[in-house]
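Examination of the molecular architecture
Listed here are the chains, written in short residue letters.
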Amino acid sequence: MSEVLVLVDHADGAVKKPTYELLTIAKRLGEPSAVFIGSAAAGAKVAEAVAKYGAEKVYVVDDAEIKGFLVAPKAEALQQLVEKISPAAVLITSSPEGKEIAARLAIKTGSGLITDAVDVREGPVTTQSVFAGNYTVQAKVTQGTPIITVKPNAAAPEEASGAGAVEEFAATISDAAKTAKIVASQPREKTGRPEMTEAAIVVSGGRGTGGDFEPIESLADALGAAVGASRAAVDSGWVPHSYQVGQTGKTVSPQLYVAAGISGAIQHRAGMQTSKTIVAINKDDEAPIFELVDFGVVGDLHSVLPAAAEQINQRKG
């Protein structure tokens, strides 16, 4: 059975949930193998974590020469590994960095690239949502090694015992790959909530909040969710642009998306309509958002959301 490489998405050695989702998908395609680019000292801990989700091998690439540079060195390291083992496919999280690495890897290996897959099946055959989410298409790479980036929440992580055998892989990084260096970075604001693009639940507010996001945040905290916003809310200065969901913001595909006080313009819908379950709360029973939802509540979000958060907290208690 051919290996399927999964690039480990992590923060300082702490494996992120999308990696476990990719390992679950990799089991459909072949033998899952994880690739960890990071501190050699953290390799054993990462191997233990990913082995619980089926990783038979864990290739550890020491990032001593890579850390501090942009994505080019990571793409070179992956290229060398792909050329060595000829995997059946390479799966990478559909983050901005992940898609940049995937694009560079595809060029270096002369391979086809598919981005933003919402499902991957045997073949591998991918499913994507295109044209602002209005169409669903299936695609397959016809040249080289399939390089596929997959959106978070495309699969539920399934535990499966893997050997997790660690193999150190020494990559040779060219000087050309080290021409762009990170000299400063802005750490993400710590809110205690999950990253929106990875969250299983997202609660978003729009113009209907009137600038009061307290009900949105209270429900999000009750659900353990991320907080999002429409473009109208961002343009009004009520929340930062980093909260924006839509064509000019972030694209999310959570298990549950709650849209409160959002009319449902196509710009916003393009960023969230691949969500598994969509719930909307809006005073206007003719709001376009109701054409898209699984469940709709016609009412004032300032009354509905606090009541929902109270009930959720009571059941948790």
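As a starting point, this report considers the structure included with it. In this text the structure is predicted, and so the values were computed from the model without any measurement. (Residues numbered from 1 in each chain as written. Predicted model: local features only at pLDDT ≥ 70, side-chain atom pairs only at ≥ 80, totals over all residues. Heavy atoms only, no water.)

**Describing the packing of aromatic side chains**
- Tallied over the full model, the rule gives one aromatic pair.
- With a centroid separation of 4.2 Å and an interplanar angle of 20°, the aromatic rings of Tyr20 and Tyr53 are classed as stacked. With Tyr20 in helix 1 (residues 17-29) and Tyr53 in the loop between helix 2 (43-51) and strand 5 (57-62), the pair connects residues that are 33 residues apart, well separated along the chain. Tyr53 carries the same exposure label as Tyr20, and that label is buried. (Phe/Tyr/Trp six-rings, centres within 6.5 Å; stacked < 30°, edge-to-face > 60°. Helix = DSSP H or I, 4+ residues; strand = E, 2+ residues; numbered from the N terminus. Buried < 20%, exposed > 50% of the residue type's maximum accessible area, 1.4 Å probe, protein only.)

**A look at the layout of surface pockets**
- Considered as a void within the structure, the second largest pocket measures approximately 320 Å³ in volume.
- Lining the second largest pocket are 21 residues, with Arg207, Gly208, Gly261, Ile262 and Ser263 sitting closest to its centre.
- Going through the elements one at a time, helix 6 (231-235), helix 7 (266-269), strand 15 (277-282) and helix 8 (301-316) are the ones with two or more residues in the lining of the second largest pocket.
- Its residues assigned to classes, the lining of the second largest pocket comprises five nonpolar, eleven polar and five charged. (1 Å grid on protein atoms, 1.4 Å probe; cavity = no way out; pocket = protein on both sides within 12 Å on 5 of 7 lines; lining within 4 Å. Points joined across faces, edges and corners; volume = space filled by probe spheres on them. Nonpolar A, V, L, I, M, F, W, Y, C, P; charged D, E, K, R; others polar.)

**Digging into the side chain of Thr93**
- Summarising the element assignment, Thr93 is placed in strand 6 (residues 89-93).
- When sequence neighbours within four positions are dropped, the list of residues in contact with Thr93 reads Asp9, Pro18, Leu22, Gly98, Lys99, Thr149, Val150 and Pro152. (Contact = heavy atoms within 4.5 Å.)

**Some words on the sheet that holds strand 7 (residues 113-121)**
- In space, the nine strands of this open sheet follow the order 9-8-7-10-6-1-4-5-11, with mixed pairing throughout. Pairing within the sheet leaves two strands with one partner each, and these edge strands are strand 9 (135-139) and strand 11 (165-168). Ignoring which end each strand starts from, the neighbouring axes of this sheet average 35° apart.
- Across six bridges, strand 4 (residues 31-38) lies against strand 5 in parallel orientation. When the sheet's bridge partners are listed, Gly38 is paired in strand 5 with Asp62.
- Where helix 3 (residues 72-85) meets the sheet, its contacts fall on strand 1 (3-7), strand 4, strand 5 and strand 6, and the angle it forms with strand 1 comes to roughly 170°. (Pairing = 2+ DSSP bridges. Axes fitted to C-alpha atoms, helices over the stretch in contact; angles between N-to-C directions.)

**A few points about the pattern of salt bridges**
- Per the counting criterion, the structure on display carries 15 salt bridges.
- Between Lys16 and Glu198 there is a salt bridge, and its shortest N-O distance comes to 3.8 Å. Here the residue Lys16 occupies a position in the loop between strand 3 (14-15) and helix 1, and Glu198 occupies one in the loop between strand 11 and strand 12 (201-205), the gap between them amounting to 182 residues.
- One salt bridge in this structure joins Lys99 and Asp116, with 3.3 Å as the shortest N-O distance. Here the residue Lys99 occupies a position in helix 4 (residues 96-109), and Asp116 occupies one in strand 7, the gap between them amounting to 17 residues.
- Using a relative accessible area of 29% as the deciding quantity, one classes Lys99 as partly exposed.
- Under the relative-accessibility criterion, Asp116 is labelled partly exposed at 24%.
- Each of Glu3, Lys57 and Glu167 takes part in one network of salt bridges that share partners. (Salt bridge = Lys/Arg side-chain N within 4 Å of Asp/Glu carboxyl O.)

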